[in-house]
Amino acid sequence: MSPNPALTGTPLRSKTLNVLETIAIGVAGGALSYWVQLPGGLITGAMVAVAAAGLAGRNMGLPPPLSHIVLMALGVSLGSMVSPAMIHNLGSYPVTIGLLALATFCATFGSAIYLQRIHGWDRTSALLAGSPGALSQIIMLATERKADVPGIAVVQIMRVIILTSAVPLLLAMTGMTAGGPLPVRGPEATPLVLAAIAAVAVGASLLLRLINFPASWMFGAMLGSSVLHGSGLVEGTLPEWAYLSALVGIGTLIGSRFGAIKLRTILSYLAAALGSFAVAIAISSVFVVAILLTTPVRVADLVVAFAPGAMDAMMALALTLHIDPVFVGAHHLSRFVYVSIVTPGIVHWFGRSPDDLDD
């Protein structure tokens, strides 16, 4: 007997409707926040709307191909902001990158101690929850070490949600960013230039993916676009509709991650998430103040670069808040690599073994 076409088509139709619903909610949330001119509103509005829908029981999410397109559009937009002057300033980053590594180490242990002493977490779970960024690697390591995966996920994603929402408001209220809902952009690239940028961006992304480079879709596109724009070979940016879509898309992706967690799980770990976030921010702030007192780095650039949030979210904020994308990108990529390499060692030396967790 041949299968019923109506039945076999149901899963695909359901997934398609879920994706369309996710996009519609993200666009509506981003448009509303942009209309009231909230700083970073396209990102935060989409993020909050999609997260709320997910917590309300709706199935939110974007398929991998669409997610990759969003990340590449973001990377191309970031790369188009690069200038020869920015490239020249790369030589001044090693000191702040080194201090960022130290700040990450201190914030990880500070948050871990808080979670152990105040909330009774085991050492492994506390260390993994306190390690900022590289969420996928952290969750994989947590699963392998039989740690508290739901708690770690809530702490990590709550940190991203808070930072993505709060950083634009903080910078706007303190006057650290320029006025207007979005930065002034240059002229749009011609179709021929866009085709060249797209080809280079795809090629660079696939190459980085081949060598398992972190965040390959976004950084590959950013690298390709940066080389073309920084060398003066091309001029022009993405069309405005593509630029705005990338910002809404990033917010939608972040919101769908948070909305995938059950509300009761979030509430059970909320105090731990907020407390560990406060500890991490306090420690990071000490390093930010020290750098500000000793170097000529712009405050807004440093705040976003040192914010212990997800790479894609912080890079998107750099795109919307008149912030140096090369500076922010270099620091968040450095932290991602540092966390990916160092965290397993920290957990091995300071955490509990999987056998201990079985006892």
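Residues numbered from 1 in each chain as written. Predicted model: local features only at pLDDT ≥ 70, side-chain atom pairs only at ≥ 80, totals over all residues. Heavy atoms only, no water.

For the rest of this paragraph, the subject is the overall build of the protein. Along the protein, the regular secondary structure elements total 17 helices and zero strands. In the protein, which comprises 359 residues, the proportion classed as buried is 50%. Carbon and sulfur atoms make up 70% of the accessible area of the protein, which totals about 16500 Å². (Helix = DSSP H or I, 4+ residues; strand = E, 2+ residues; numbered from the N terminus. Buried < 20%, exposed > 50% of the residue type's maximum accessible area, 1.4 Å probe, protein only. Areas by Shrake-Rupley, 256 points an atom, 1.4 Å probe, with all protein chains shown as cover.)

Below, the discussion takes up the pattern of salt bridges. Note that side chains of opposite charge can pair when their charged atoms are close. Within the structure shown, the criterion is met by two salt bridges. One salt bridge connects Glu21 with Arg58, and the closest N-O pair in it is separated by 2.8 Å. Here Glu21, found in helix α2 (residues 10–35), pairs with Arg58, found in the loop between α3 (41–55) and α4 (64–79); they are 37 residues apart in sequence, far enough to count as distant. The partner of Asp301 in a salt bridge is Arg298, and the shortest N-O contact between them spans 2.8 Å. (Salt bridge = Lys/Arg side-chain N within 4 Å of Asp/Glu carboxyl O.)

Moving on to the environment of Glu235. Relative to the assigned elements, Glu235 resides in the loop between α11 (216–230) and α12 (240–259). In this structure, the C-alpha to C-alpha distance between Glu235 and Leu194, residues 41 residues apart in sequence, is 9.6 Å. Among residues more than four places away in sequence, those in contact with Glu235 are Ala189, Val193 and His229. (Contact = heavy atoms within 4.5 Å.)

Within the largest apolar cluster, 86 residues are counted, with the highest numbers of intra-cluster contacts made by Trp121, Leu128, Ile152, Leu171, Ile250 and Ile323. Broken down by element, this core gets its largest block of residues, 11 residues, from helix α9 (residues 149–173). Counting residues in hydrophobic clusters, the runner-up holds 12 residues, among them Ala103, Phe287, Val288 and Phe327. (Core = buried A, V, L, I, M, F, W, Y, C linked by side-chain atoms within 4.5 Å.)

A word on the confidence of the model for the protein. The predicted coordinates ought not to be read in detail in places where the model reports low pLDDT. A residue-level look at the protein finds 86% of positions with pLDDT of 70 or above and a mean pLDDT of 81. Between residues 353–359, whose pLDDT stays under 50, and residues either more than four places distant or in other chains, the model counts 10 contacts. (pLDDT = per-residue confidence, 0-100.)

Scanning the entire structure with this criterion turns up two aromatic pairs. With a centroid separation of 4.8 Å and an interplanar angle of 45°, the aromatic rings of Phe105 and Phe109 are classed as tilted. Note that Phe105 and Phe109 are positioned in helix α6 (residues 94–119) at a spacing of four residues, about one turn of the helix. With a relative accessible area of 34%, Phe105 lands in the partly exposed category. With a centroid separation of 5.9 Å and 80° between ring planes, the pair formed by Trp121 and Tyr269 is classed as edge-to-face. Here the residue Trp121 occupies a position in the loop between α6 and α7 (123–130), and Tyr269 occupies one in helix α13 (residues 263–294), the gap between them amounting to 148 residues. The exposure class of Tyr269 is buried, given its relative accessible area of 18%. (Phe/Tyr/Trp six-rings, centres within 6.5 Å; stacked < 30°, edge-to-face > 60°.)

With that settled, the discussion passes to a nonpolar patch on the surface. On the surface, a cluster of nonpolar side chains totalling about 690 Å² of accessible area is made up of Leu32, Trp35, Val36, Leu38, Leu169 and Met173. Of all the secondary structure elements, the ones that give two or more residues to the nonpolar patch are α2 and α9. Examined against the element boundaries, Met173 turns out to sit in helix α9. Using a relative accessible area of 68% as the deciding quantity, one classes Met173 as exposed. (Patch = residues over 30% accessible without salt bridge, like charges linked within 9 Å, V, L, I, M, F, W, Y side chains within 5 Å.)

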